[in-house]
Structures are given as C-alpha cells and as structure tokens.
Amino acid sequence: MNPSIQYSIVVPVYNEEAVIYETYRRLTEVMRSTGESYELLFVNDGSRDQTADIIKGFSEKDPSVILLDFSRNFGHQIAITAGMDYSRGKAVVVIDADMQDPPELILKMIEKWKQGYDVVYAKRTKRKGETVFKKYTAKLFYRFLRSMTDVDIPLDTGDFRLLDRRVCDQMNNLQEKNRFVRGLVSWVGFKQIAVEYERDERLAGESKYPLKKMLKLSMDGITSFSYKPLKLAGFAGAALSVIGFIYLFVVLYMKLFTDATITGWSSLIVIQLLFNGIILFILGIVGEYIGRIYDESKQRPLYIVQDVYQKQSDKKMMYR
C-alpha cells in the first residue's frame with residue numbers, strides 16, 4: 001500500500017466505450033471534491049471494443065488513472081478481485097462503470113468510514129430501468145441465499161461498497177476460484193453499515209449480466225456459503241427410500257392377500273420417471289460441489305494481467 005493514497009476506486013469494465021467518458025468524468029469530479037489523494041483503477045476484463053484504448057488515453061494525461069488489462073475475459077467477480085489486489089489506498093471503493101450506482105454516494109460512504117466503519121455497502125431501495133423479471137428474480141435470490149446460509153449477507157445489495165484497507169487485505173488472502181465477492185465481504189466480518197440509494201437506469205449500452213451469468217453468480221453464491229443443498233439432497237434420498245420401501249410392502253400385500261391385480265404399466269412408468277428425475281437432480285447438486293472442488297484443486301491463477309498502464313510507469317505481467 002502507498003501511504004500517500006487515501007482512496008482507491010476499483011472499476012471493472014467490459015465493452016463500456018459508450019459510457020466510459022462519463023464514468024471517468026463523474027468519478028474524477030467526485031474524488032477531486034474530497035481534497036484528498038486517490039487513484040482510479042480500471043480493470044479491463046477482455047473488452048472487444050475501444051474501452052481499453054480510451055482508458056489508456058486517460059492514463060496518459062491523468063496520473064491518478066491506472067488500467068489493468070487482462071489477457072482475456074475472466075469475469076466480473078475476478079476483475080473486482082484483481083482491482084483489490086492492486087489497490088493501494090487506505091479505503092477501497094468498488095463501483096461498476098455503467099453509472100447505475102451513483103458515484104456521488106461515495107462521499108456518504110467516506111463519511112461513514114471516517115466514523116469508524118470498516119465496510120460501507122450500498123443498499124438499493126429502488127431499481128430503475130430493469131425488467132419485472134429481473135427485479136423479482138434478484139429479490140427472490142437474495143432472500144433464498146439468506147435462508148440457505150449462516151453468513152449474514154445483506155439483502156438488496158450489489159458489489160458497490162467501500163472497504164477499509166484491513167478488510168481489503170483479508171479479502172486478498174482468500175484464494176477460492178468461484179468467487180462471490182459480496183458474500184466474502186460479509187464472511188470476513190468487521191464493522192459494517194449500509195447507505196441507501198435508488199439505483200438509476202444504465203447510462204448506455206447493455207447489461208453485462210444476462211440470465212446465464214446471473215445463474216452462474218447465483219450458483220457461486222449458494223455453493224460458496226451453504227451446504228444445505230447437499231443436506232436437502234440427502235433428506236430427499238432418504239424420503240424416496242422410505243416411500244419405495246413402503247410401496248414394496250403394498251405390492252406384496254396386494255399380491256399375497258387380495259385378488260387385485262396390478263394392471264398396466266402407466267403407474268410404474270410414472271413412478272420411475274419421478275424417482276429417476278429426483279435422483280438425477282440430486283446428482284446434479286452433488287456434481288456442482290464436486291466441480292468446484294475440481295476447480296480449487298487445479299491451482300490455476302485467478303487472472304492474468306498482460307499490461308498495466310499508468311503515466312510514467314512501466315508495463316508488467318502479473319497473475320494471481
């Protein structure tokens with residue numbers, strides 16, 4: 001950490017050329033108003049447009065701008081992790097580039113931090129410009145995740161938050177591959193508080209979290225902080241065994257003590273499909289956990305940074 005830098009602003013970017021000028025302008029305006037030193041740390045997560053080139057231009061004129069350029073797309077949560085690894089400030093703020101989260105709220109976060117809080121997270125009271133489906137599924141996910149884990153993950157919060165340096169250092173010590181950053185922040189603990197805000201519509205471009213990525217993030221959150229799906233799978237398996245055992249006695253009783261006959265195969269097929277479907281579902285849950293164990297065992301780096309761009313700084317290669 002560089003003791004002369006007070007704030008590090010970590011901004012993961014992916015194909016954000018339509019908004020990046022406004023993002024830089026608003027962040028610079030807010031941070032200059034603090035009258036304290038800061039750095040804007042943009043993490044280019046394999047953008048295919050001109051995002052990286054535009055930020056390079058910022059870095060050539062503004063020494064507070066740093067660009068971490070990934071060798072390929074590693075994902076939003078990994079980009080946040082890389083930004084925290086490289087950050088040098090006494091406080092680290094994570095914010096997306098799309099300006100749905102207002103940079104002006106950073107000033108309120110700083111106030112809370114100076115009052116002694118180690119983590120200040122932004123809690124959404126309203127989500128503008130999002131579909132009813134996304135609002136409903138996001139609300140359902142956060143409540144489902146909260147019910148599935150013992151870690152107190154705040155409801156209706158994203159990755160927009162301020163972390164004290166000692167919290168950031170603890171986060172940097174966590175090496176797991178399938179990362180759910182907001183859950184990890186809750187897991188490390190420390191003194192935390194929320195600041196509420198209304199989330200704006202995206203300034204331009206399109207969401208970088210389509211349904212497929214949202215499902216992946218949801219699965220990472222659940223499997224990283226809860227073993228309850230495995231326990232539920234075990235209970236379901238035990239229940240199926242009991243039902244099957246009881247049904248065995250029913251069939252034997254009908255065969256030995258009644259004149260009733262088992263007619264047709266439809267009922268048998270229905271039962272087989274039901275049981276086999278549940279068994280395959282249970283195997284799928286187990287497979288998710290095994291897959292994550294496999295990822296951890298490979299010991300590959302979380303990311304590879306092919307270049308670091310900053311005024312009067314040399315390029316370098318780094319991985320974690």
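Here the structure is a predicted model, which is why all the values come from computation and not from measurement.

**Q** What should I look at first to understand unusual backbone geometry in this one?
**A** Most peptide bonds take the trans configuration, and most residues that are not glycine carry a negative phi. Not every positive phi belongs to a glycine, and M99 is a case in point at roughly 65°. One can find M99 in the loop between strand 4 (91–94) and helix 4 (105–114). Look at M99 and you get buried, because its relative accessible area is 2%. Non-glycine residue F190 carries a positive phi angle of around 75°. Turning to its location among the elements, F190 is positioned in the loop between helix 7 (181–188) and strand 7 (192–199).

**Q** In this structure, what is going on with the side chain of S8? I would like to understand it.
**A** Within the fold, S8 resides in strand 1 (residues 7–13). Classification of S8 by relative accessible area gives buried; the value is 0%. One polar contact links S8 to E39, side chain to side chain, over a distance of 2.6 Å. Here S8 is in contact with E39, S87, R88, G89, A91, V92 and V93, once residues within four sequence places are set aside.

**Q** Help me understand the packing of aromatic side chains in this model?
**A** Following the criterion strictly, the structure yields six aromatic pairs and no others. Measuring from centroid to centroid gives 4.2 Å for Y24 and F58, while their planes differ by 15°, and the two rings are stacked. One end of the pair, Y24, is in helix 1 (residues 20–32); the other, F58, is in helix 2 (residues 51–61), with 34 residues separating them in the sequence. Residue F58 is classed as buried on the basis of its relative accessible area, which comes to 9%. With 5.4 Å between their ring centres and 90° between their planes, F70 and F74 make a pair best called edge-to-face.

**Q** When you look at helix 4 in this model, what are you seeing that I'm missing?
**A** Along an α-helix, residues three or four apart share an orientation, since each turn contains 3.6 residues. For helix 4, the set of buried residues is L105, I106, M109, I110 and W113. Along the long axis of helix 4, the arc covered by the buried residues comes to 145°, so they all point the same way. Of the exposed residues in helix 4, the ones pointing more than 90 degrees away from its buried face are E111 and K114. Two residues or fewer after helix 4 comes G116, characterised by a positive phi angle close to 115°.

**Q** I would appreciate a short explanation of the nonpolar core in the present structure.
**A** Here is a general trend for soluble globular proteins: nonpolar side chains tend to be buried in one another's company. Of all hydrophobic cores here, the largest spans 35 residues; its most connected members are I9, L40, F42, I106 and F160. With sequence-adjacent residues up to four places away left out, I106 is seen in contact with I9, L27, V30, M31, V93 and F160. Within the second largest apolar cluster, 30 residues are counted, among which are V10, A82, V119 and V185.

**Q** What's the story with a nonpolar patch on the surface in this structure? I'm lost.
**A** A contiguous nonpolar surface patch, about 300 Å² in accessible area, is contributed by I279, L280 and L283. With respect to the helices and strands, I279 occurs in helix 10 (residues 266–298).

**Q** How should I be thinking about the packing of helix 3 (residues 76–86) against helix 6 (residues 165–172) in this particular structure?
**A** Any two packed helices are characterised by how steeply their axes cross, that is the angle between the axes, and by the distance between the axes. With their axes 9 Å apart at the nearest point, helix 3 and helix 6 run at an angle of 120° to one another. Overall, the two elements helix 3 and helix 6 adopt an arrangement that is oblique. Judged by the twist between their axes, the crossing of helix 3 over helix 6 is left-handed. Together, T81, M84 and D85 of helix 3 and C168, M171 and N172 of helix 6 make up the contact between the two elements. Tallied by class, the residues present in the contact of helix 3 with helix 6 amount to three nonpolar, two polar and one charged.

**Q** Is there a simple way to explain the environment of V10 in this structure?
**A** Along the polypeptide, V10 turns up in strand 1. For the pair V10 and A79, spaced 69 residues apart in sequence, the C-alpha to C-alpha distance is 9.0 Å. The contact partners of V10, leaving out residues within four places of it in the chain, are L41, V43, I80, G83, M84, V92, V93, V94 and I95.

Parameters and conventions
Residues numbered from 1 in each chain as written. Predicted model: local features only at pLDDT ≥ 70, side-chain atom pairs only at ≥ 80, totals over all residues. Heavy atoms only, no water. Helix = DSSP H or I, 4+ residues; strand = E, 2+ residues; numbered from the N terminus. Buried < 20%, exposed > 50% of the residue type's maximum accessible area, 1.4 Å probe, protein only. Polar contact = N/O pair within 3.5 Å; in protein donor to acceptor, adjacent residues only side chain to side chain. Contact = heavy atoms within 4.5 Å. Phe/Tyr/Trp six-rings, centres within 6.5 Å; stacked < 30°, edge-to-face > 60°. Arc of directions from axis to C-beta. Core = buried A, V, L, I, M, F, W, Y, C linked by side-chain atoms within 4.5 Å. Patch = residues over 30% accessible without salt bridge, like charges linked within 9 Å, V, L, I, M, F, W, Y side chains within 5 Å. Areas by Shrake-Rupley, 256 points an atom, 1.4 Å probe, with all protein chains shown as cover. Salt bridge = Lys/Arg side-chain N within 4 Å of Asp/Glu carboxyl O. Axes fitted to C-alpha atoms, helices over the stretch in contact; angles between N-to-C directions. Parallel < 35°, antiparallel > 145°, perpendicular 65-115°, else oblique. Left-handed = near helix turned anticlockwise from the far one by under 90°. Nonpolar A, V, L, I, M, F, W, Y, C, P; charged D, E, K, R; others polar.

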